Amino acid sequence: MADTGTDTDADTDIVTDADAAAVSRPREKVVVDGLGMRYESDRQTVQALADVNFAVGSGEFVCLVGPSGCGKTTLFRLIAGLETPTTGEVRLDSDPVTGPGTDRGMVFQEYGLFPWRTVEENVAFGLEEQGVDGATREARVDEMIELVGLAGFADAYPKELSGGMKQRVGIARALAVDPELLLMDEPFGSVDAQTRDMLHAELLDVWAETEKTVLFVTHNVEEAVTLADRVVVMAADPGRVREVVPIDLDRPRTRTTPAFAEDVERIRDLIGG
Ligand code: ADP
Ligand code: MG
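The text that follows walks through the structure, step by step, so that each part is easy to find. (Residues numbered from 1 in each chain as written. Chains lettered and ligands numbered in written order. Predicted model: local features only at pLDDT ≥ 70, side-chain atom pairs only at ≥ 80, totals over all residues. Heavy atoms only, no water.)

**Comments concerning helix α2 (residues 72–80)**
Among the 9 residues that make up α2, 7 are buried, leaving the element largely enclosed by the rest of the structure. Those residues of α2 that fall on the buried side of the exposure criterion are Lys-72, Thr-74, Leu-75, Phe-76, Leu-78, Ile-79 and Ala-80. Just past α2, the residue Gly-81 takes up positive phi, approximately 80°. (Buried < 20%, exposed > 50% of the residue type's maximum accessible area, 1.4 Å probe, protein only. Helix = DSSP H or I, 4+ residues; strand = E, 2+ residues; numbered from the N terminus.)

**Describing the sheet that holds strand β7 (residues 181–185)**
Read from one edge to the other, the open sheet built from 6 strands follows the order β6-β7-β8-β3-β9-β10, with strand pairing classed as mixed. Only two strands of the sheet have a single partner each, and these edge strands are β6 (104–108) and β10 (240–246). Sheet twist, expressed as the mean angle between neighbouring strand axes with direction ignored, is 20°. Both β7 and strand β8 (residues 213–217) contribute to a ladder of 5 bridges, which runs parallel. Across the sheet, Asp-185 pairs through a bridge with Val-217, a residue of β8. Contacts from α2 reach β3 (61–65), β6, β7, β8 and β9 (230–235) within the one sheet, and its direction differs from that of β7 by about 155°. Of the strands in this sheet, β3, β9 and β10 touch helix α8 (residues 258–272), which is tilted by about 170° from β10. (Pairing = 2+ DSSP bridges. Axes fitted to C-alpha atoms, helices over the stretch in contact; angles between N-to-C directions. Contact = heavy atoms within 4.5 Å.)

**Considerations on the packing of helix α4 (residues 134–147) against helix α5 (residues 163–176)**
It is at 9 Å that the axes of α4 and α5 come closest, and there the two elements cross at 140°. Judged on the interaxial angle alone, α5 and α4 are oblique. Seen along the crossing, α4 lies across α5 with a hand that is right-handed. Across the interface between the two elements, Arg-140, Met-144 and Leu-147 of α4 pack against Ala-172, Leu-175 and Ala-176 of α5. Among the residues making up the contact of α4 with α5, the classes are represented as 5 nonpolar, no polar and 1 charged. (Parallel < 35°, antiparallel > 145°, perpendicular 65-115°, else oblique. Left-handed = near helix turned anticlockwise from the far one by under 90°. Nonpolar A, V, L, I, M, F, W, Y, C, P; charged D, E, K, R; others polar.)

As structure tokens, then:
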């Protein structure tokens, strides 16, 4: 697994080999390079993505927004290595993605929890797959459950939890294997607005604490402006990047400020136009 957290060491006087490697390494965590994806079936051909290019910096929080069908999920599946692009490539720390890996954690809209497993058993899943020993696993699972605010619910089953709690389990499970990159595809689309606000605050805390790189898909422009350092605005037919909008608002962000409204307006115009 690639090293994490060495960036801060670069400021110290003594430069070790590891530090030098961290400094010379490109700041980009993810590079999407000339990415195209065409689905072909007997009945039709869909150009889901055409020449998509953008990069995500290490530790950055980037949101992808765009109309339904513009290829957001397809783009995620390509970054996750679940599908192979028709053209171009995705690079993770300069290495082309050729398949799935534990360096990328996924969180889905419909939770994707195992109903027959308790909260802690769900969170432990990836660690079991990796063959992490029982004691280490238990400690890590406890830590993750604590991190997402589910202490006391370790033995509960998914059906006993609210939507917001289920999504916290999904996040804890994705983070348990310590991925460098968190891929979230409309993760809060199924929870009510009040819960969503809470989850936003919690996710931003987790992000700040863990220094993960986050790619977050949403069709909710306010959600994107609440969360993102930059927003990649996509257009459909074929799926492509329309513009990348930096969000230069202080955190925590307040939705009632004129600056917030301006960014929301700008992105809405780009989606509509
Ligand atoms: P979004 O997530 O932005 O709504 P998707 O990536 O799901 O968009 O879909 C982009 C386009 O690709 C749509 O036209 C969709 O119908 C098509 N598509 C997605 N997955 C497949 C697939 N497995 N086979 C054929 N077409 C697909
Ligand atoms: Mg989608």
